[in-house]
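Architecture at a glance
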There are 2 protein chains.
Amino acid sequence: MNIHYADRMNNLKASIIRELLKLAERPEIISFAGGLPAPELFPVEALKKVGVKVLEEQGMQALQYSATEGYKPLRDKIAQRMARIGVEADGDNVLITSGSQQGLDFAGKIMINDGDVIITERPSYLGAIMAFKAYCPRFIDIPMDNEGMDMEALETTLKSEDRVKFIYVIPDFQNPTGKTWSVDRRKKLVELANEYDVIIVEDNPYGELRFEGERPPAVKSFDTHGRVVFLGTFSKTFCPGMRLGWVLGEGELLQKFVLVKQGADLQTSTLGQRELNQFMEDYDLDQHIGTILEVYRSRRNVMMEAMDTHFPKVEGLTYVYPNGGLFTWVELPVHINAQELFKKAIENNVAFVPGDAFYPNGGVDNTMRLNYSSMPEDKIKEGIKRLGEAIKEML
Amino acid sequence: MNIHYADRMNNLKASIIRELLKLAERPEIISFAGGLPAPELFPVEALKKVGVKVLEEQGMQALQYSATEGYKPLRDKIAQRMARIGVEADGDNVLITSGSQQGLDFAGKIMINDGDVIITERPSYLGAIMAFKAYCPRFIDIPMDNEGMDMEALETTLKSEDRVKFIYVIPDFQNPTGKTWSVDRRKKLVELANEYDVIIVEDNPYGELRFEGERPPAVKSFDTHGRVVFLGTFSKTFCPGMRLGWVLGEGELLQKFVLVKQGADLQTSTLGQRELNQFMEDYDLDQHIGTILEVYRSRRNVMMEAMDTHFPKVEGLTYVYPNGGLFTWVELPVHINAQELFKKAIENNVAFVPGDAFYPNGGVDNTMRLNYSSMPEDKIKEGIKRLGEAIKEML
């Protein structure tokens with residue numbers, strides 16, 4: 001039997017992270033490889049009450065087919081929360097998706113023809129790269145500093161490439177680097193997008209997880225033309241297992257997302273949407289996020305202190321101090337290959353994600369991503385100590 | 001601002017049914033237009049108990065990210081049930097999807113290049129046509145009789161077309177016609193697929209809703225090469241709002257579905273999967289289906305009797321007597337345009353779906369689909385009476 005798959009399938013391979021995570025699952029291993037929220041903080045008790053209430057009061061509607069756009073009261077609540085980051089919108093601007101991963105897939109499906117150019121940060125989120133790859137774009141990744149994307153490099157690219165479809169950014173506590181864009185860069189990004197008439201896809205799963213400082217306005221808040229599509233999610237502030245995210249946009253562009261959602265899975269779980277909505281009515285989501293922040297902040301502190309203590313002080317070894325989110329990012333001396341280090345680390349019973357998977361065009365082998373949200377503090381200390389030893393062995 | 005969408009978006013238009021359903025939503029209208037299960041039969045009380053139990057016993061896992069393939073105990077249960085229709089499989093052959101609509105989208109994504117040929121029944125399911133259209137195939141639809149697809153016409157097409165990627169069929173109580181394929185046709189379909197080396201996508205959302213007679217073996221049961229992909233769903237036997245379906249297949253082809261699922265939305269709701277699994281452990285799904293069958297059978301009877309009574313006895317007006325599922329299908333005398341009839345019907349406060357949307361290449365204007373699952377019997381009687389009057393006005 002010969003199966004002739006679509007050409008796009010040549011672009012798709014099983015995620016390396018997925019395979020690594022399998023290795024990292026052995027119980028003796030302290031894993032900084034995943035991107036999991038801390039499950040002990042999930043609002044289990046509240047959800048029990050909320051679930052019963054929704055079924056008691058709206059059982060038939062909650063289990064029936066419903067509008068592709070999503071449950072209106074939930075869409076309204078999301079729109080209201082967006083005002084905090086300077087985005088004026090109402091519920092009609094919101095499409096509920098099955099996690100923000102689905103918004104990424106749809107962005108690709110709606111905009112990318114074979115060979116179109118997608119601009120990303122260097123490095124960028126692996127799941128987005130995978131989602132876009134299914135539509136066969138060419139990636140151009142732009143260097144980052146601590147303020148965000150290099151705007152000169154971006155403009156040079158926009159000037160020379162006429163097939164740019166969109167610029168994909170994660171401006172708050174980026175996955176994988178933990179970096180956050182300055183307000184100036186956000187403004188400049190929108191200016192350039194206006195000038196060169198391209199779309200921006202702003203992916204913001206971590207913005208609400210800020211440990212210190214003021215939350216900057218969204219890139220979307222500077223949008224005057226409806227060219228920024230904002231992707232949000234409840235995976236990090238509520239729970240990931242229910243797959244509840246959203247796309248916020250305007251006009252025809254948003255309608256295309258709705259259209260594609262219809263063909264893809266008709267709608268996101270009616271029950272899940274109504275449970276989340278009820279949770280937001282009966283409980284204080286911000287207070288819940290406050291609890292998460294306390295735990296994650298402390299874990300971030302522990303990880304950073306342990307790195308200061310146990311990582312060798314050598315030239316070329318740097319790491320990001322993240323003010324929020326789930327990750328920090330390590331650059332190793334150039335002669336250390338992170339995949340080799342991974343093998344050594346596994347021998348030392350500690351795991352991380354080698355950074356090369358986050359470069360859409362590959363070619364960078366001396367970086368790694370560390371997650372601090374899902375491990376208790378004593379394990380973080382011990383794990384970083386082991387990792388420091390593995391690094392030292394490779395010097 | 002100019003947005004340059006992907007070329008595939010030219011193929012996608014908002015579903016006509018969706019617009020019609022909006023009209024049909026007015027409270028005074030008796031609507032046979034939807035495809036909704038009867039919400040009064042949803043297992044609301046059981047789900048309350050199941051939801052609490054799952055959160056109590058497995059709260060942290062039930063709200064966390066989980067494997068793309070789905071929850072293993074649920075996959076195992078699905079595989080076991082498939083034995084009833086002659087399919088030998090285990091849980092590893094099953095991928096949980098967000099409704100079977102998602103399986104349709106994935107089939108298109110995995111297999112269709114621009115201009116490839118997809119063979120469908122004539123007419124076929126609108127949602128599948130929409131899902132496939134996003135990947136820009138050419139549709140060839142093959143005539144049906146009461147035993148299924150015309151096998152001679154199919155072979156002629158397979159002989160003359162070298163870009164056929166798959167044959168899409170709904171062999172049990174087809175949407176929209178309500179027709180069921182004979183066992184011989186199922187066997188012959190697989191034989192032809194073997195001979196011409198093409199894939200079969202078997203979509204089976206209604207097979208478990210059989211009012212009388214024996215359930216025939218699945219097309220998949222005759223598959224000796226792993227070339228049949230079976231799509232199933234709990235939307236009609238449990239509830240549609242939770243979006244729980246599955247793909248059953250083998251080897252590399254199934255792996256492609258998993259890969260595409262990863263990029264599309266990572267996984268289906270962990271909580272939803274575990275709730276369904278718990279429901280199947282604590283309650284008798286077959287008994288629940290039995291309750292649904294009793295109600296739907298009786299509604300089917302009422303609709304068929306009302307049609308016998310109120311539809312005019314004229315040449316060219318025929319309708320299908322379905323032995324299960326949600327729909328019957330009416331062919332009108334050729335001079336009656338179903339879109340025109342729809343307008344008249346709406347004036348008479350009754351609604352249906354004009355059949356043209358179910359023809360992937362259009363061109364047939366004298367058919368309509370009627371749903372009997374979601375209306376109480378007195379409304380079915382009254383609605384069919386009104387519809388009969390509307391038809392008479394157009395003779």
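These numbers come from a predicted model, not from an experiment.

Criteria and thresholds
Residues numbered from 1 in each chain as written. Chains lettered and ligands numbered in written order. Predicted model: local features only at pLDDT ≥ 70, side-chain atom pairs only at ≥ 80, totals over all residues. Heavy atoms only, no water. Pairing = 2+ DSSP bridges. Helix = DSSP H or I, 4+ residues; strand = E, 2+ residues; numbered from the N terminus. Buried < 20%, exposed > 50% of the residue type's maximum accessible area, 1.4 Å probe, protein only. Contact = heavy atoms within 4.5 Å. Buried area = accessible area lost by both parts, 1.4 Å probe. Salt bridge = Lys/Arg side-chain N within 4 Å of Asp/Glu carboxyl O. Domains from an automatic or database assignment. Polar contact = N/O pair within 3.5 Å; in protein donor to acceptor, adjacent residues only side chain to side chain. Nonpolar A, V, L, I, M, F, W, Y, C, P; charged D, E, K, R; others polar. Phe/Tyr/Trp six-rings, centres within 6.5 Å; stacked < 30°, edge-to-face > 60°. Lys NZ or Arg CZ within 6 Å of the ring centre and 35° of its normal. Core = buried A, V, L, I, M, F, W, Y, C linked by side-chain atoms within 4.5 Å. Axes fitted to C-alpha atoms, helices over the stretch in contact; angles between N-to-C directions. Parallel < 35°, antiparallel > 145°, perpendicular 65-115°, else oblique. Left-handed = near helix turned anticlockwise from the far one by under 90°.

The next thing to look at is the sheet that holds strand β8 (residues 228-233) of chain B. Residues and elements named next belong to chain B. Reading across the sheet, the eight strands line up as β2-β9-β8-β7-β6-β3-β4-β5 and stay open at both edges, with mixed pairing between neighbours. The open sheet is flanked by β2 (94-97) and β5 (148-149), the only strands paired with a single partner. Alignment of β2 against strand β9 (residues 245-248), held across four bridges, turns out to be antiparallel. Each bridged residue has a counterpart across the sheet, and for L95 the counterpart in β9 is V247.

On to the environment of G127 of chain B. One can find G127 of chain B in helix α5 (residues 126-133). Sequence separation between G127 of chain B and Q101 of chain B is 26 residues, and the spatial gap between their C-alpha atoms is 7.2 Å.

We now examine the pairing of strand β9 (residues 245-248) of chain A. Residues and elements named next belong to chain A. What you see with β9 is no split at all: G245 and V247 on one side and W246 and L248 on the other are buried throughout. Note that strand β8 (residues 228-233) and β9 share four bridges and pair antiparallel. Counted as the bridge partner of F230 is L248 from β9.

Our focus in this paragraph is the interface of chain A and chain B. Each partner contributes to the interface: chain A provides 77 residues, whereas chain B provides 77 residues. Of the roughly 6,700 Å² buried between chain A and chain B, counting both surfaces, carbon and sulfur atoms make up 60%. When the buried area of chain A at its contact with chain B is split by residue, Y5, L63 and Y65 of chain A rank highest and sum to 11% of it. Where chain A touches chain B, the interface holds four salt bridges. The closest approach of N and O atoms between E56 of chain B and K48 of chain A, which form a salt bridge, is 3.1 Å.

Before going further, it helps to spend a moment on the domain arrangement of chain A. Residues and elements named next belong to chain A. Entries for chain A in the domain assignment read domain 1 (7-42 + 287-393) and domain 2 (64-282). Here the C-alpha centre of domain 2 lies 25 Å away from the C-alpha centre of domain 1. On the side of domain 2, 34 residues touch domain 1, which itself brings 33 residues to the contact. Between domain 1 and domain 2 the total buried area reaches about 3,000 Å² when both faces are included, carbon and sulfur atoms providing 67% of it. If you look at where domain 1 meets domain 2, you find one salt bridge. The partner of E212 in a salt bridge is R300, with the nearest N and O atoms 2.5 Å apart. Scanning the region where domain 1 abuts domain 2 turns up nine residue pairs in polar contact (both at pLDDT 80 or more). No other element matches the seven residues that helix α10 (residues 285-310) contributes to the side of domain 1 that touches domain 2. Looking at the side of domain 1 that touches domain 2 residue by residue, the class counts come to 19 nonpolar, nine polar and five charged.

Attention shifts here to the packing of aromatic side chains. In total, this model carries 23 aromatic pairs over all chains according to the counting rule given. Positioned over the ring face of Y5 of chain B is K256 of chain A, at 4.9 Å from the centre of the ring.

Moving on, we get to the sheet that holds strand β10 (residues 318-319) of chain A. Residue and element names in this part refer to chain A. Taking strand neighbours across the sheet as the criterion, the four strands line up as β10-β11-β14-β13 in an open arrangement whose pairing is antiparallel. The open sheet has two edge strands, β10 and β13 (353-354), and neither has a second partner. Where β10 lies against strand β11 (residues 327-331), two bridges are found, and the strand directions are antiparallel. When the sheet's bridge partners are listed, Y319 is paired in β11 with V330.

This part takes up the nonpolar core. One finds F311, M368 and L370 of chain A together with F311, M368 and L370 of chain B to be the most contacted residues of the largest nonpolar core, which totals 169 residues. With 70 residues, the next largest nonpolar core counts A107 and I112 of chain A together with F166 and V201 of chain B among its residues.

Our focus in this paragraph is the packing of α10 of chain A against helix α12 (residues 377-393) of chain A. Residues and elements named next belong to chain A. Two elements in contact, α10 and α12, have axes separated by 9 Å at closest approach and are oriented at 30°. Judged on the interaxial angle alone, α12 and α10 are roughly parallel. Like other packed secondary-structure pairs, α10 and α12 cross with a definite hand, here right-handed. Mapping the contact onto sequence places S298, R299, V302, M303, A306, M307 and H310 in α10 and E377, I380, K381, I384, K385, G388 and K392 in α12.

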